[in-house]
Amino acid sequence: MTDDVRNVHDALSAIAGHWQPHRLASVNDYDVKVVKLQGEFVWHSHPETDELFLVVSGQLVIQLRDRDVVLNPNDVFVVPRGVEHCPKAVGEVHAILFEPQGTVNTGDVGGDRTAPLRELG
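Please read these numbers as outputs of a predicted model, since none were measured by experiment. (Residues numbered from 1 in each chain as written. Predicted model: local features only at pLDDT ≥ 70, side-chain atom pairs only at ≥ 80, totals over all residues. Heavy atoms only, no water.)

Visitor: Help me understand the pairing of strand 3 (residues 51-64) in this model?
Guide: Along a regular strand, successive side chains alternate from one face of the sheet to the other. As judged from the four bridges shared by strand 3 and strand 5 (residues 76-79), these two strands associate in the antiparallel manner. Opposite F53, over in strand 5, you have F77 as the bridge partner. Note that strand 3 and strand 6 (residues 85-100) share 11 bridges and pair antiparallel. The residue of strand 6 that forms the bridge with L64 is H85. (Pairing = 2+ DSSP bridges. Helix = DSSP H or I, 4+ residues; strand = E, 2+ residues; numbered from the N terminus.)

Visitor: Looking at this structure, I do not really get the nonpolar core. What am I missing?
Guide: Note on soluble globular proteins: their nonpolar side chains tend to be buried together. By size, the foremost hydrophobic cluster in this structure holds 17 residues, and its most contacted members are L37, F53, L60, I62, L71, F77 and V93. Those elements that place two or more of their residues in this core are strand 2 (30-40), strand 3, strand 4 (68-71), strand 5 and strand 6. Here the element with the most residues in this core is strand 3; it accounts for five residues. Contact partners of L37, with chain neighbours within four places excluded, come to H18, W19, L60, A89, G91, E92, V93 and A95. (Core = buried A, V, L, I, M, F, W, Y, C linked by side-chain atoms within 4.5 Å. Buried < 20%, exposed > 50% of the residue type's maximum accessible area, 1.4 Å probe, protein only. Contact = heavy atoms within 4.5 Å.)

Following this line, the structure appears as structure tokens:
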């Protein structure tokens, strides 16, 4: 991690695949991640931490067991720790995530959608 200025749009342009978080910056013990999303993810939870979503472009639906939360550009939503959720991107979505370092994208379920945190080039 450098102390250089990072541009969110440039960082997102450098990402080739979907559901592959990349570290944009670190703040204390938290990672600020940029990610491209498309389609439906997996149902999971993060038992030890909240998860913040900030939509940069597109429309993201955070499916919860009791309701759907619709996020449009510039909308922020925090999924509380332990709450089962399933993000679903309507078309391609660009987003920023704010999570403690070491948080796994698939939370407590693992599986083939688990992606390591990547560094931007």
